[in-house]
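The chain contents come next:
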Amino acid sequence: MSEDIFKKVISHAKEYGFIFQSSEIYDGLSAVYDYGQNGAELKNNIKQYWWKAMVQMNENIVGIDSAIFMHPTTWKASGHVDAFNDPLIDNKDSKKRYRADVLIEDYCAKIESKIDKEVEKAAKRFGEAFDKKEFLATNGRVVEYQQKIDAILHRMGQSLEKEDLEDVKALIEELEIADPVTGSKNWTDVRQFNLMFGTKLGATADQAMDLYLRPETAQGIFLNYLNVQKTGRMKLPFGIAQIGKAFRNEIVARQFIFRQREFEQMEMQFFVKPGTELDWYAKWKETRLRWHQTLGLGNDNYRFHDHEKLAHYANAAADIEFKFPFGFKELEGIHSRTDFDLKAHEKFSGKKLQYFDNETNESYTPYVVETSVGLDRMFLSVFSNSLKEEKLEDGSERIVLALPPALAPIKVAILPLVKKDGLPEFAEKIVKKLRLDYNVIYEEKDSIGKRYRRMDAIGTPFCVTVDHDSLDDNSVTLRHRDTMEQKRVNIDELAAIIDLEVNMKYLFEKL
Ligand code: ATP
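The rules we used
- Sequence order as written defines residue numbering, which begins from 1 separately in each chain.
- Given that this is a predicted model, residues contribute local features only at a pLDDT of at least 70 and side-chain atom pairs are listed and counted only at 80 or more, while totals for whole chains, interfaces and linings are drawn from all residues.
- Working from all heavy atoms in the structure, the side-chain values ignore hydrogens and water.
- UniProt positions are given in the numbering used here, feature names are shortened, and annotations may be inferred rather than shown by experiment.
- Where helices and strands are cited, they refer to DSSP runs of H or I of at least four residues and of E of at least two residues respectively, numbered from the N terminus.
- Think of a polar contact as two N or O atoms within 3.5 Å of one another; within protein, one of them needs to be a possible hydrogen donor and the other a possible acceptor, and neighboring residues in sequence only count if both atoms come from side chains.
- We call two residues in contact whenever any of their non-hydrogen atoms come within 4.5 Å of each other.
- Nearness is defined per residue: one heavy atom within 4 Å of the molecule or strand is enough.
- We call Asp, Glu, Lys and Arg charged. Ala, Val, Leu, Ile, Met, Phe, Trp, Tyr, Cys and Pro are nonpolar, and the rest, Gly among them, are polar.
- Within this document, salt bridges are pairs made up of a side-chain nitrogen of Lys or Arg and a carboxyl oxygen of Asp or Glu, the two lying within 4 Å of each other.
- Buried residues are those whose accessible area, probed at 1.4 Å on protein chains only, stays under 20% of the maximum for their type, while exposed residues exceed 50% and partly exposed ones sit between those limits.

The protein is annotated in an unreviewed UniProt entry as Glycine--tRNA ligase from Algoriella xinjiangensis. We quote the UniProt Catalytic activity (unreviewed entry) comment for the protein here in full: "tRNA(Gly) + glycine + ATP = glycyl-tRNA(Gly) + AMP + diphosphate". In its Function (unreviewed entry) section, the UniProt entry covering the protein states "Catalyzes the attachment of glycine to tRNA(Gly)."

**Q** Explain the side chain of histidine 335 residue by residue, including any values.
**A** When you line up the elements, histidine 335 lands in strand β13 (residues 327-338). A polar side-chain atom of histidine 335 sits 2.6 Å from a polar atom in the side chain of glutamate 370. When near neighbours in sequence (up to four residues on either side) are disregarded, histidine 335 contacts Tyr281, Tyr313, Ala316, Ala317, Val368, Val369 and Glu370.

**Q** Explain the site of the ligand to me, using residue names and the numbers behind them.
**A** Neighbouring the ligand are 16 residues, the closest being Glu250, Arg259, Gln260, Glu330 and Leu331. At a separation of 2.6 Å, an oxygen atom of the ligand approaches a polar side-chain atom of glutamate 330. In this structure, arginine 377 approaches the ligand through a side-chain N or O atom, which is 3.1 Å from an oxygen atom. Elements with a minimum of two residues in the shell around the ligand: β10 (262-272), β13 and β16 (367-374). Per-element accounting of the shell around the ligand gives the leading share, five residues, to β13. Of the residues contributing to the shell around the ligand, the split by class is three nonpolar, six polar and seven charged.

**Q** Tell me about the side chain of threonine 477, residues and numbers included.
**A** As for its position among the elements, threonine 477 is in strand β22 (residues 475-480). In this structure the side chain of threonine 477 is engaged in a polar contact, spanning 3.1 Å, whose partner is the side chain of arginine 488. With near-sequence residues (within four places) excluded, threonine 477 lies in contact with Cys463, Val464, Thr465, Asp467, Gln486, Lys487 and Arg488.

**Q** Describe in detail the pattern of salt bridges, supporting the description with residues and values.
**A** A complete count under the given rule lists 37 salt bridges for this structure. For lysine 43, the salt bridge goes to glutamate 264, with nearest N and O atoms at 2.7 Å. Separated by 221 residues along the polypeptide, lysine 43 in helix α2 (residues 37-56) and glutamate 264 in strand β10 bring together distant segments of the chain. Each member of the pair, lysine 43 as well as glutamate 264, carries the same accessibility label: buried. Between arginine 398 and glutamate 390 there is a salt bridge, with the nearest N and O atoms lying 2.9 Å from each other. Residue classification places arginine 398 among the buried positions, given a relative accessible area of 4%. Here the salt bridges share partners, and the residues they tie into one network are Asp86, Arg99, Asp101, Glu250 and Arg259.

Okay, structure coming up:
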């Protein structure tokens, strides 16, 4: 069923101008996507929700915009040249390439769906008396499934940590994992593959300098740590945030915009006094979860996944996972990165990147807690969760993109009932007024019913219909996307009613 839903998400995104395959007329470029007229608006609104919540609502966080090109030594110091690898494995029969860790994780996800089925069955059997927590902890079969998952992930984590790729392969063979496409179990050895894209700076081949396209935005923040701290007179703890493109040569780039080779990150590095980092880490986990949940997509659709295998720079790490149409997957990473990055850049650059603490009269290298969310994955979470097929009372169906109104690309559609009798002119007056505050659209083509359905499909929270009576009583019909309720409203009251639902400030108030 979920595969079906996912296909619908992808085709809806294309049909309604949200997301197109990049270079489509040349048959596309794999795992690269373009955002269309509605997609760009939705994406910008998500950025705004993040930027305002993280930067402008926090006195001790500032935002920057660093370049994609960085000095190549950056990536030596950060460890990306040596360690930014994924374990890949090829199937000898199908010639298809996979990430070994993903094959194993997918195997575990299958066991997890068995747990879900048991829960579903039990919930039906016990009715209201059903206690999910208790069931998960005590049901023999479920406990066994869970133990199996834990054991597999633990072993994989240990082997990857030790770079014991032979054991990763052994695990795949022991679990009898087959090529998901062909069913073949004829695997090559597991190898490491570096994910950074290389390019060159300079005109002549012999003088050109090897560069990388940044695989994360975080390093642009570390390299500017001292610039920002000094010019902004920042005191610990403080954060630096940025939104920007990142590039990774992903081995298997499937799942639409979930895993792309060019994508956007929204990252914040929070610099803290050493020893306080784990408290801040816990705090940022909670703060970030609340930011997601405030959108109203359903609290049960989020969960934490604490990492077994820590990256080379971290002393604690967790993901916020979201229930995508293809299951729970990472949406955001929260990492306690210690002083690894600043120390490494000090070593490689020979420059001090420290903080002078006025209270204790000492200098030290701050520790860092990072929050890093993929903008495109945010987009996919919001978009896929909002797409709904509804059966109406009269037996007909409608497709509605029930986006959080503050994120909707277009807030109001102004629709004259007919293209004559002065109705378009009256509608234009409303457009001119409302567009000072919101992205609005004027549409006069097609029947009013068709126009409503089109607006439902792109997630427009309100439609305003101008009819002949409007000219006399200065009122219009205001239609609500989710309830489909229609009411007569004086045009002077329109802005206030609409504002109550679409203004992003009401989300910020809840944070
Ligand atoms: P994954 O395990 O899924 O590859 P990751 O752990 O490598 O992700 P991070 O390095 O923590 O990801 O990057 C932070 C965030 O950037 C992720 O939570 C995700 O939202 C986003 N992100 C990472 N890689 C991609 C990608 N290829 N396409 C889209 N978004 C991505």
